[in-house]
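# Overview (structure and organization)
For reference, the chains in residue letters:
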Protein chains: 2
Amino acid sequence: MNTSPDILSEITALCASGDAEALRAYCLPLHAADLAAALAEAPPADAATVLGFLDLDSSAEILAHLSPEDQQIISAQLSPEGLARIISRMDADDRVDLMRNLPEERSEKILHLLAQAEREDIRKLGSYREGTAGALMTSDYATLTPELTAQAAINKLRLEAPDKETIYYAYVIDAQRRLLGLVSLKDLILARPDARIENFMHRDLITAKVDDDQEEVARTMAKYDLLAIPVTNGNDALAGIVTFDDAHDVAEEEATEDMHRMGALSHTPPGLGSVNMLEASTWLIVQKRIPWLLVLVFMNIFSGAGIAYFEDTIEAVVALVFFLPLLIDSGGNAGSQSATLMIRALATGRAHLKDWFALLGKEVGVAIILGVGMAVAVSVIGVFRAGPEVAAVVAMTMVCTVLFGSLVGMSLPFILSKFKLDPATASAPLVTSIADIGGVLIYFSIATWFLRDIIVAAA
Amino acid sequence: MNTSPDILSEITALCASGDAEALRAYCLPLHAADLAAALAEAPPADAATVLGFLDLDSSAEILAHLSPEDQQIISAQLSPEGLARIISRMDADDRVDLMRNLPEERSEKILHLLAQAEREDIRKLGSYREGTAGALMTSDYATLTPELTAQAAINKLRLEAPDKETIYYAYVIDAQRRLLGLVSLKDLILARPDARIENFMHRDLITAKVDDDQEEVARTMAKYDLLAIPVTNGNDALAGIVTFDDAHDVAEEEATEDMHRMGALSHTPPGLGSVNMLEASTWLIVQKRIPWLLVLVFMNIFSGAGIAYFEDTIEAVVALVFFLPLLIDSGGNAGSQSATLMIRALATGRAHLKDWFALLGKEVGVAIILGVGMAVAVSVIGVFRAGPEVAAVVAMTMVCTVLFGSLVGMSLPFILSKFKLDPATASAPLVTSIADIGGVLIYFSIATWFLRDIIVAAA
């Protein structure tokens, strides 16, 4: 298989030579995704030239595979007429995504260069809010009416097929476009040619609504292994379909968003896709990172205040400070683990809100085992470094902070979920900060009580 | 749509009544995924009874949708003969997954109850290592020979369709089963009935090899929006196909694994799927969590040693300890952010090893901006809490620790990747621990130098 750099250099050379025929011949066996990857690395003017040389269907496919940022950059190099010609060949969902990202003036100009049917389709699909099934769906799908015979249906699909994104599922609708059932191409092939499709179509369909959250739609499609899911609007009429490839992209985007949130990164609005590291501006990255960093700074003021409260204890037994990072970190690490497990379990449907109490019990058991294990490990060091009394304080604190951290880490996703917030906001940094505050209070409280004689003597 | 608890109670009632006919009628319109979810909550004996009452194809579908753990529990309730009957109706990839998880004795017994063709198919598919394309693929696919006409091909598929998992793509092979091309059902419908498929089949196929990593196969399928990908063996012969639904499951599994790793959780071996929180034993969870917790404890010994080295400074200016958690946490938080961004970018192909140097420059810029912003925020508190000198130390340290943490967080995934390790091992806890050690050294070094007069006076 050709690699991106190979394709890029070959295309650049052919562009420079101006030989359109050779360029077309070279690009023909290549997949649009690979060509798009190569053009994304090329100077935008060259990329636009290539699109100009290729046939419209190939250009449309390539444009669809580009990232939103690259689409903007490269399409800006094309004339409005040239862009409109390519857009009219794109799949319905891909072209509305592209149009959405164009500057308003340009997008209006392009719209007026398109055929009316295309213009209306783009307006309609573009009217749905980002992040919903409506914004994800395509209007390229095949419909049939229930009285058709299998043979008539196949003939109809044969006529419509080149324009439709998928004819493997054909949707059976009534006069008001309400969804009656579904037949797959396989069903049509297998049926007797004269059988009416209303007699063998699948009813009890799994559907989505235009306002459904895209993450939920993707999860539903994964659960039922659907190639495509029909989407109905407020009138229960069929409005579009979401295909498996778009569902997969949504799942990947949502997983990235979760991971970012768990790393205390702020949410980039949907539609911007995932921030491409090399392309994102410094300002955008700072915007994504500074909010949580500042929030956590102010939370950590409390841990400082806690330490200040125990100033006498620290002055009396300075050795306590040696173990401070170790102890509060352990609580935070245990909490991060718990939070990670819970967040992912909630996201993939393996745990539900109602499970919280049962899981809490298990968490306490696990945390105590972990805490005791770590306490044994550190008390060995503690005895050597600072004597048996401090070692005892450290060991007791270890069990408590690990328990506290784990409970915080485990509960926070549920609490967030209960208040309709994203459980992934229970990021490792957030859990760690809460565990730090608790850890400081626990540590120095235990120390102040257990070593009270030493502290009084030192005062 | 019925919910799981509704289905569960209905099924339990019908089971108790012993009315097989009513049970079958109730289950008929329900999707196998929903029935499986309900049966997973039922007592295993009831679940097995239900499977016994339903027709074999429905039972096979339901069994395929259960988690590996539930499959084991429920299938253990069935007689070997009953289980073998269901297994023979399952899709090839699903049944080999189930067989793999059975105790060896039972699996051998079942194998001998199956037809020879099925037995050999299971042995062959089961011979591939977990986590590879071979272990993921199914042998249920349609093949054609190149000289067939479109009409003859459709007739052949019509005969084979009920047994094949997907006939939407049919693979064209030669006498040695080498892959020549692909025709989709859509192509066959659209072609002239007497056209030979070798004249219109797609060549230049995207393929996988049996030993390819499953994550890579899933990424390839997502990149090219493939419904299925053909898998070839060492002889370049077609050995199976991986379908889009299995690729989606792999992508989800791999994302979960990455998230767990980033939360400092140890890796569960592939094939066990994701640990189901409610079902996983306490021992298994402890196994998953204790390794990294202990490693991080021992790493944090170094931060303690660092603090011990600066004991005099701390005794002289105890107020420094107030800001310790805040400063080292900020470094760790910034580092977690960087690590998160890099790990996900590497995993989704948005960044590559070669980009490290360019990204490093950008990271320095971003980190300095973040550090200065946070330094300004904390120095206000610092002045009020502990005076201008300490505030100055805190501010300087903040910029340095944020820079240090960010560089560590950003570089670690690349370094791990360079040594062929999983970049996701650069977990938030690991990055935080490294940042802590660095932060302690930076903080107290700056303090010791900047406040040297105060320290000397106090000694």
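Residues numbered from 1 in each chain as written. Chains lettered and ligands numbered in written order. Predicted model: local features only at pLDDT ≥ 70, side-chain atom pairs only at ≥ 80, totals over all residues. Heavy atoms only, no water.

## Comments concerning empty space enclosed by the protein
Our working rule: Points on a 1 Å grid over protein atoms alone make up a cavity when a 1.4 Å probe fits among them but cannot get out, and a pocket when they form an open set with protein on both sides within 12 Å along at least five of seven lines; lining residues each have an atom within 4 Å of a point. Grid points are joined across faces, edges and corners, and a volume is the space filled by probe spheres set on the points. Going along the chain from the N terminus, every DSSP run of H or I of four or more residues is numbered as a helix, and every run of E of two or more is numbered as a strand.
Scanning the model with the defined rule gives 8 cavities of 30 Å³ or more in all. Considering only enclosed or pocket space, the largest cavity measures out at about 460 Å³ in volume. Forming the walls of the largest cavity are 27 residues, and the residues nearest its centre are Ala251(A), Glu252(A), Ala251(B), Glu252(B) and Ala255(B). Mapped onto the lining of the largest cavity, the elements with two or more residues apiece are helix H14 (214–223), helix H15 (244–262) and helix H19 (324–347) of chain A together with helix H14 (214–223), helix H15 (244–262) and helix H19 (324–347) of chain B. When residues in the lining of the largest cavity are grouped by element, the largest group, 7 residues, is from H15(B).

## Section: the UniProt feature "domain: CBS" (unreviewed entry) in chain A
We apply this condition: UniProt positions are given in the numbering used here, feature names are shortened, and annotations may be inferred rather than shown by experiment.
UniProt marks residues 137–198 and 201–257 of chain A with the feature "domain: CBS" (unreviewed entry), using the numbering shown here. In this annotation, residues 201–257 of chain A is assigned 42% helix and 23% strand; the end-to-end C-alpha distance for the span is 39 Å.

## Some points on helix H20 (residues 356–386) of chain B
Going by this rule: Two axes are fitted around each residue, one to the seven residues ending there and one to the seven starting there, and the angle between them is reported as the bend at that residue.
Within H20(B), the axis deviates most sharply at Val378(B), by approximately 25°. Following H20(B) by one or two positions, Gly387(B) has its phi on the positive side, about 95°.

## Digging into the relation of the copies chain B and chain A
As a reminder, the rule being used: Copies are brought into register by a least-squares superposition over C-alpha atoms of residues with pLDDT of at least 70 in both. Any pair of residues with heavy atoms lying within 4.5 Å of one another is described as a contacting pair.
Superposing chain B onto chain A takes a rotation of 180° combined with a translation of 0.0 Å along the rotation axis, leaving an RMSD of 0.1 Å. Here the copies are linked by what is in effect a two-fold axis. An overlap of 100% is found between the interface residues of chain B and their copies at the interface of chain A, pointing to a shared contact surface.

## Examining the domain arrangement of chain A
So the rule is basically this: The split into domains, and so the bounds of each, comes from an automatic or database assignment of domains.
As assigned here, chain A comprises domain 1 (4–127), domain 2 (141–243) and domain 3 (282–458). One C-alpha centre belongs to domain 2 of chain A, the other to domain 3 of chain A; they are set 53 Å apart.

## Things to note about the UniProt feature "transmembrane region" (unreviewed entry) in chain A
All names here are of chain A. Taking the numbering used here, the UniProt-annotated feature "transmembrane region" (unreviewed entry) corresponds to residues 290–310, 316–335, 356–384, 390–416 and 428–451. Taken end to end, residues 290–310 is 95% helix and 0% strand, and its first and last C-alpha atoms sit 31 Å apart. Annotated as 96% helix and 0% strand, the span residues 428–451 places its first and last C-alpha atoms 32 Å apart.

## Quick word on the environment of Arg178(B)
Residue and element names in this part refer to chain B. Considering the arrangement of structural elements, one finds Arg178 in the loop between strand E2 (166–173) and strand E3 (179–184). Note: C-alpha distance between Arg178 and Thr232 (54 residues apart in sequence) is 8.3 Å. Not counting chain neighbours up to four residues away, the residues in contact with Arg178 comprise Val172, Ile173, Asn235, Asp236 and Ala237.

## Brief notes about the sheet that holds strand E3 (residues 179–184) of chain A
Residue and element names in this part refer to chain A. Here is the rule: Pairing between two strands requires that DSSP report at least two bridges joining them. Here, axes are lines fitted to C-alpha atoms. For helices the fit covers the stretch in contact, and angles between N-to-C directions go from 0 to 180 degrees.
Overall, mixed pairing links the 3 strands, which are arranged E1-E2-E3 in an open sheet. Strands with a single pairing partner mark the edges of an open sheet, and in this sheet they are strand E1 (141–144) and E3. In this sheet, adjacent strand axes meet at a mean angle of 35° when their direction is disregarded.

## Focus: the packing of helix H3 (residues 32–41) of chain A against helix H5 (residues 56–65) of chain A
All names here are of chain A. Quick note on the threshold: Angles below 35 degrees are treated as roughly parallel, those above 145 as roughly antiparallel, those between 65 and 115 as roughly perpendicular, and all remaining angles as oblique. Left-handed describes a crossing in which the near helix is turned anticlockwise from the far one by less than a right angle; the clockwise case is right-handed. Three classes are used, and their members are as follows: Ala, Val, Leu, Ile, Met, Phe, Trp, Tyr, Cys and Pro are nonpolar, Asp, Glu, Lys and Arg are charged, and the others, Gly among them, are polar.
Running from N to C, H3 and H5 point in directions that differ by 65°, and their axes come no closer than 8 Å. Taken together, the axis directions place H3 and H5 in an arrangement best described as roughly perpendicular. Two packed elements cross with a definite hand, and for H3 against H5 that hand is right-handed. Contacts between H3 and H5 involve Ala32, Ala33, Leu35, Ala36 and Leu39 on the former and, on the latter, Glu61, Ile62 and His65. Its residues assigned to classes, the contact of H3 with H5 shows 6 nonpolar, 1 polar and 1 charged.

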